[in-house]
Amino acid sequence: MTPLLVANWKMHGDKDFVARFARAWRAPPGVDVVICPSWGYLDCAVSAFAGRGVRFGVQTTASEPSGAFTGENAAEMARDLGAAFAVVGHSERRQMFGETDAVVAKKFRAAGRAGLTPILCVGENRTERLAGNAEQVVRGQLDAVARAAGPDALRDAVIAYEPVWAIGTGETATPAQAQSMHAAIRGALPNGGRAARVLYGGSVKAANAARIFAEPDVDGALVGGASLDANEFAAICLAAMASPSATGA
Ligand code: 13P
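What comes next concerns the included structure. (Residues numbered from 1 in each chain as written. Predicted model: local features only at pLDDT ≥ 70, side-chain atom pairs only at ≥ 80, totals over all residues. Heavy atoms only, no water.)

**A look at the overall build of the protein**
Check the secondary structure of the protein and you find 11 helices and eight strands. Structurally, the protein occupies a C-alpha span of about 45 × 45 × 30 Å along its principal axes. Across the 249 residues that make up the protein, the buried fraction comes to 50%. Of the contacts formed within the protein by residues at least 6 apart in sequence, a portion of 72% connects residues at least 24 apart. Summing over all exposed atoms, the protein offers an accessible surface of approximately 10800 Å²; the carbon and sulfur share of this is 52%. (Helix = DSSP H or I, 4+ residues; strand = E, 2+ residues; numbered from the N terminus. Buried < 20%, exposed > 50% of the residue type's maximum accessible area, 1.4 Å probe, protein only. Contact = heavy atoms within 4.5 Å. Areas by Shrake-Rupley, 256 points an atom, 1.4 Å probe, with all protein chains shown as cover.)

Put into structure tokens, the structure is as follows:
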């Protein structure tokens, strides 16, 4: 399976950053790359990476297609601006912006309605992991979307497993922890998740990427901080290209 690398630039960057990144970053062949700039720079990023085979995503969308929702941006607008993906249910949205499972499910459906591929983020916090409930929490997050959007909506989904305790902390899940959760996620999807891609996110860096990508159920990564550095992100893409699942080893 072709690895999928998603850069989540979060609320970082400006026009100069986008231009410099596009000049400095080189994608290796054999990987799919999606860049998710902040909404305001989507148009600028689409122009800066023209002809480079990169696709684009937004970090969140509204759940409605249009209307009097001051400050919101619809999935249809993302599509119009050149996006093909939408991150849905990132833990920062869940924690800081009060997005419940029900809201996440609505946004997942909104992305699909607009023709965007949702990248559904799931993951447990540290307390939940220490209590031994990590799988149950993740399962609940998947079930909430399956109930609202229909189980088939997850058949060829992109799911990002992002343990909250590993995001921006420098602490990654061990490859074994990631593999075990990825296998559980895949097993919970229709058709054994054979058509789905399950990404890992949480402090992925060039230095640890190869070990994580060596696991059979890790199909790529959702990268935050390290995706802001063109060389670092290029090295992560290279590690994915060389992974056993990409090379068929
Ligand atoms: P970091 O890679 O900075 O830990 O962020 C992960 C993340 O939240 C990607 O969506």
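**Thoughts on the site of the ligand**
As a matter of local geometry, the ligand sits amid Asn8, Lys10, His90, Glu162, Ala166, Ile167, Gly168, Gly202, Ser203, Leu222, Gly224 and Gly225. At 2.9 Å from an oxygen atom of the ligand is found a main-chain nitrogen or oxygen belonging to glycine 224. Here the ligand has 300 Å² of accessible area as a free molecule, and 95% of this is covered by the chains. Looking at the shell around the ligand, its residues break down into three nonpolar, seven polar and two charged. (Near = heavy atom within 4 Å. Polar contact = N/O pair within 3.5 Å; in protein donor to acceptor, adjacent residues only side chain to side chain. Nonpolar A, V, L, I, M, F, W, Y, C, P; charged D, E, K, R; others polar.)

**Some details on the environment of valine 198**
Residue placement: valine 198 occurs in strand E7 (residues 197-201). A relative accessible area of 0% places valine 198 in the buried class. The sequence separation of valine 198 and aspartate 143 amounts to 55 residues, and the corresponding C-alpha distance is 16 Å.

**Brief notes about the environment of asparagine 8**
Structurally, asparagine 8 is set in strand E1 (residues 4-8). Relative accessible area serves as the criterion here: at 5%, asparagine 8 is assigned to the buried category. Expressed as a C-alpha distance, the spacing of asparagine 8 and leucine 222, which sit 214 residues apart in the sequence, is 6.7 Å.

**Examining the sheet that holds E7**
Around the barrel, eight strands lie side by side as E1-E2-E3-E4-E5-E6-E7-E8; this closed barrel has parallel pairing. Averaged over all adjacent pairs, the angle separating strand axes in this sheet is 25 degrees, with direction ignored. As paired strands, strand E6 (residues 158-161) and E7 are joined by four bridges and run parallel to one another. Across the sheet, the residue bridging to tyrosine 161 is tyrosine 200, located in E7. Of the strands in this sheet, strand E5 (117-122) and E6 touch helix H7 (residues 134-149), which is tilted by about 150 degrees from E5. (Pairing = 2+ DSSP bridges. Axes fitted to C-alpha atoms, helices over the stretch in contact; angles between N-to-C directions.)

**Observations concerning the pairing of E5**
Counting buried positions along E5 yields five of six residues, so the element is predominantly enclosed. Sheet topology places strand E4 (residues 85-88) next to E5; four bridges connect them, and they run parallel. Paired with alanine 86 across the two strands is proline 118, which belongs to E5. Note that E5 and E6 share four bridges and pair parallel. Looking at E6, one finds that isoleucine 119 is bridged to valine 158.

**Structural notes on the pattern of salt bridges**
Pairing is possible between side chains that carry opposite charge, provided their charged atoms lie close to one another. Under the counting rule described, the total for this entry stands at 14 salt bridges. Residue arginine 20 pairs with aspartate 16 through a salt bridge whose shortest N-O separation is 3.0 Å. Of this pair, arginine 20 and aspartate 16 both sit in helix H1 (residues 15-24), separated by four residues, roughly a single helical turn. For aspartate 16, a relative accessible area of 45% gives the class partly exposed. Across the pair glutamate 64 and lysine 106 runs a salt bridge whose closest N-O atoms are separated by 3.7 Å. Of this pair, glutamate 64 sits in the loop between strand E3 (55-58) and helix H3 (75-80) while lysine 106 sits in helix H5 (residues 101-113), and the two are 42 residues apart along the sequence. Residue class for glutamate 64 comes out partly exposed when judged on its relative accessible area of 29%. The exposure class of lysine 106 is partly exposed, given its relative accessible area of 46%. Through salt bridges with shared partners, a single ionic network connects Arg93, Glu99 and Lys107. (Salt bridge = Lys/Arg side-chain N within 4 Å of Asp/Glu carboxyl O.)

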